[in-house]
Amino acid sequence: MDTDVLIVGAGPTGLMLANQLGRRGLRPLIIDRHAGPARQSRALGVQARTLEIYAHLGLVDRALDLGKRATGADIWTRGRPSARVPLGDIGRGLSPYPFLLILGQDDNERLLGDLLRSRGIAVRWNTELVGLVQEPGRVKAMFKHPDGTIGEVTAAWVAGCDGARSAVRELNGIAFEGAPYEHVFFVADTQVTGPMVPDELNVYLWQEGFHLFFPMRGTDHWRLVGILPRHLRGRDDLTFEEVIPSVRQEAGAGLSFKACSWYSTYRIHHRRAARFRDRRCFLLGDAAHIHSPVGAQGMNTGLQDSYNLAWKLALVVSGRADAALLDSYEAERLPVARRLLSTTDRAFSLFVSDSWLAGLFRTRVLAKIVGFAMGLDRARKLAFRTISQTGIRYRKSALSETLAGLPEAAPHGGDRFPWVRLKFAANGPVEDLFGRLDDTRFNLIVIGQTTPPCGVPELGDLLRIHEVPMDAANDRELARARIPGPSFYLLRPDGHVGLAGTHLDTAAASRYLTARLHVGIGGR
Ligand SMILES: Cc1cc2nc3c(=O)[nH]c(=O)nc-3n(C[C@H](O)[C@H](O)[C@H](O)COP(=O)(O)OP(=O)(O)OC[C@H]3O[C@@H](n4cnc5c(N)ncnc54)[C@H](O)[C@@H]3O)c2cc1C
């Protein structure tokens, strides 16, 4: 076998997977058909859940320094300001990063690429996957280089992180079901002055569509996204200068464009792979699902596909878990993609519909509804949980178990364990739980009780134990997150609850690990 894991594609999804495997002691082979990293900024929004993962990777401070926190969204209708949604700490108390970070995909790829290099893992550029043969226990992969020469490697597992036109998906004959939207969009990275509220997301709604201005790093730098007006559709040779008059019409004559460093038109598709796995090949990121950019979910979802698969692959490759554990990747991530596609599709259709009624809704009603809803604490929290991806949970997964006795409102098996700040010793300091979690291992949180001396022997050095004593400050914080005491939570490496219950039952934990996680019964 030449490599345990072959990663096809060095976009954000592939780089995240390579890093996550690298820090778990694997040496994946990562290839990309291009000569080097992409230069366009493309995705701009980094969600809180991604920042939490970046914190474990040691990248979050650099990401925060490079990016801009979205402090608010200003909605303009027919050229007039009509609502402002404060976003600065919209998820206060729910995540250490209660905001959306605006940071281009190119910067994200650079951070992930630098980290990978520092681990001694280099992307093999100019290497295009052109063939795959699945054999018992291994996959043979054929590559093409720019000079036409063909190479071959064998891998135990293949991760298709190779984008919307995925060769891994096509070579495995997996359908990519869905369709393109009928509208054509444009995107431009510009230097521009105008009425936009500085440093905030500015949304211009108009009868025929919308224009979005995203603040970017640098003075007067804005990413402008919009639908091409009807009279400009169907043209392949359209320049940004020809789009400007329609933007001015909505955002005001005061708009003054000084430079445009990137301009592109594109059609958006909504598609999902029928399966995310075929025997030893997996699909992740855009190879598995593409959808409209509503809610800035695309890049983030791919990063989290990788986070979900990496710890499972690492356990299987190192012989600490049976390959059956890998079945949970598709079982957990396909429903996430299905939900994402349907919600972004509904929201997007409303945003882009050409109908007179939709235009009326956009220009007369939408800003009022958004302004009102975002004034309500519950609605704000729901919006944050949904968009930040901190609300994603796998309750129906075979890896999720909740023992009898835990209140309905408490975190259950499959939930991302809530962000809390607790004391871990009677007279100790208050600490951020997420800062203590080791995401290369399982974490057992034992609340208001002591851990039996035998612990959880199946996990050995793969387990970290965090005991939480009950005291007034801890009680308040636990109550805020609806965590009862006594209780215990066995967290998977990715921070989702595997097993939850009231009194720590080590026999139940052992049963859970062998029967559901297939840990301790290793095999490749
Ligand atoms: C114009 C534009 C604007 C966008 N705006 C947003 C946005 O605002 N918000 C958002 O969330 N998302 C946005 N996206 C989508 C976002 O860019 C993707 O979701 C993200 O790039 C997915 O990452 P990925 O790593 O899965 O795939 P990709 O970034 O597509 O990376 C795939 C990699 O695989 C390589 N590859 C492909 N085939 C092969 C092969 N046969 N052999 C070897 N290597 C191969 C490619 O060279 C590429 O480097 C935008 C995309 C575009 C094009």
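Keep in mind that what you see is a predicted model, and the values were worked out from it rather than measured.

Rules of the game
Residues numbered from 1 in each chain as written. Predicted model: local features only at pLDDT ≥ 70, side-chain atom pairs only at ≥ 80, totals over all residues. Heavy atoms only, no water. Helix = DSSP H or I, 4+ residues; strand = E, 2+ residues; numbered from the N terminus. Rg over C-alpha atoms; globule rule 2.2 N^0.38 Å. Buried < 20%, exposed > 50% of the residue type's maximum accessible area, 1.4 Å probe, protein only. Contact = heavy atoms within 4.5 Å. Areas by Shrake-Rupley, 256 points an atom, 1.4 Å probe, with all protein chains shown as cover. Near = heavy atom within 4 Å. Polar contact = N/O pair within 3.5 Å; in protein donor to acceptor, adjacent residues only side chain to side chain. Nonpolar A, V, L, I, M, F, W, Y, C, P; charged D, E, K, R; others polar. 1 Å grid on protein atoms, 1.4 Å probe; cavity = no way out; pocket = protein on both sides within 12 Å on 5 of 7 lines; lining within 4 Å. Points joined across faces, edges and corners; volume = space filled by probe spheres on them. Phe/Tyr/Trp six-rings, centres within 6.5 Å; stacked < 30°, edge-to-face > 60°. Lys NZ or Arg CZ within 6 Å of the ring centre and 35° of its normal. Pairing = 2+ DSSP bridges. Salt bridge = Lys/Arg side-chain N within 4 Å of Asp/Glu carboxyl O. Axes fitted to C-alpha atoms, helices over the stretch in contact; angles between N-to-C directions. Core = buried A, V, L, I, M, F, W, Y, C linked by side-chain atoms within 4.5 Å.

## Some words on the overall build of the protein
Along the backbone of the protein there are 13 helices and 25 strands. A globule of 524 residues ought to have a C-alpha radius of gyration of about 24 Å, and the protein, at 24 Å, matches this closely. Taken along its principal axes, the extent of the C-alpha atoms in the protein is 75 × 65 × 40 Å. A total of 524 residues make up the protein; the buried ones form 55% of that total. Nonlocal contacts in the protein, meaning residues at least 24 apart in sequence, comprise 70% of its contacts between residues at least 6 apart. Of the accessible surface of the protein, which amounts to about 21700 Å², a share of 53% is contributed by carbon and sulfur atoms.

## Regarding the site of the ligand
Near the ligand lie 28 residues; those nearest to it are Thr-13, Asp-32, Gln-105, Leu-129 and Asp-286. Within the contact set of the ligand, an oxygen atom lies 2.8 Å away from a side-chain nitrogen or oxygen of Thr-13. Contact distances for the ligand include 2.6 Å between an oxygen atom and a side-chain N or O atom of Gln-105. Look at the ligand: alone it shows 990 Å² of surface, and the protein chains cover 83% of it. Elements represented by at least two residues in the shell around the ligand include exactly helix H1 (12-22), strand E8 (128-135), strand E15 (256-273) and helix H7 (298-317). For the shell around the ligand, the residue count by class is twelve nonpolar, ten polar and six charged.

## What about the layout of surface pockets?
As a volume, the second largest pocket reaches approximately 360 Å³. Taken together, 25 residues make up the lining of the second largest pocket; nearest its centre are Ser-41, Asp-106, Asp-189, Met-216 and Arg-217. If you list the elements that add at least two residues to the lining of the second largest pocket, you get helix H4 (105-118), strand E11 (176-193), strand E14 (221-227) and E15. Tallying contributions element by element places E15 first for the lining of the second largest pocket, with four residues.

## With respect to the packing of aromatic side chains
Scanning all chains against the criterion turns up eleven aromatic pairs. For the ring pair Phe-240 and Phe-257, a centre distance of 5.2 Å and an interplane angle of 90 degrees mean the geometry is edge-to-face. Here Phe-257 lies in strand E15 and Phe-240 lies in helix H6 (residues 240-251), a separation of 17 residues in the sequence. Residues Phe-240 and Phe-257 agree in their burial class; the two are buried. These aromatic residues form a ring-pair network of at least three members: Trp-76, Tyr-204, Phe-213 and Trp-222. A cation over an aromatic ring shows up here: Arg-169 above the ring of Phe-176, its NZ or CZ 3.6 Å from the ring centre. The ring of Phe-424 has Arg-436 lying over it, and the distance from NZ or CZ to the ring centre is 3.9 Å.

## Section: the pairing of strand E25 (residues 497-501)
With five of five residues buried, E25 lies mostly within the body of the structure. The pairing of strand E19 (residues 401-402) with E25 spans two bridges and is parallel. For Glu-401, the partnering residue across the bridge sits in E25 and is Leu-499. The pairing of strand E24 (residues 487-491) with E25 spans four bridges and is classified as antiparallel. Note that in E25 the partner of Tyr-489 across the bridge is Ala-500.

## Section: the pattern of salt bridges
Scanning the model with the defined rule gives 33 salt bridges in all. In this structure, Asp-471 engages Lys-423 in a salt bridge whose closest nitrogen and oxygen atoms are separated by 3.0 Å. Highlighted residues: Asp-471 in the loop between strand E23 (463-468) and helix H12 (472-480) and Lys-423 in strand E20 (residues 421-423), separated in sequence by 48 residues. Between Arg-480 and Glu-477 there is a salt bridge, with its nearest N and O atoms 3.0 Å apart. In this pair, Arg-480 and Glu-477 both sit in helix H12, three residues apart, roughly one turn of the helix. The class for Arg-480 is partly exposed, based on a relative accessible area of 42%. In the salt-bridge network here, residues are joined through shared partners; they are Lys-312, Glu-332, Arg-492 and Asp-494.

## Re the sheet that holds E24
Across the sheet, which stays open at both edges, the five strands sit in the order E19-E25-E24-E22-E23 with mixed pairing between neighbours. Edge positions in the open sheet fall to E19 and E23, since each of these has one partner strand only. On top of the sheet, helix H13 (residues 506-516) reaches E19, E24 and E25; it is set at about 150 degrees to E25, its chief contact.

## Thoughts on the nonpolar core
Of all hydrophobic cores here, the largest spans 93 residues; its most connected members are Leu-6, Leu-51 and Tyr-54. Examining the composition of this core, we find that eleven residues originate from one element, H7, more than from any other. Those residues in contact with Tyr-54 that lie beyond four places of it in its chain are Met-16, Val-46, Leu-59, Val-60, Ala-63, Asn-108, Leu-112 and Leu-303. Residues Leu-44, Leu-87, Leu-94 and Ile-227 belong to the second largest nonpolar core, which totals 32 residues.

## Digging into the sheet that holds strand E13 (residues 209-215)
Read from one edge to the other, the open sheet built from eight strands follows the order E6-E5-E12-E13-E14-E11-E15-E18, with strand pairing classed as mixed. Two strands in the sheet have a free side with no partner beyond their single neighbour: strand E6 (80-86) and strand E18 (289-290). The pairing of E13 with E14 spans five bridges and is antiparallel. Within E14, the position partnered with Pro-215 by the bridge is Trp-222.

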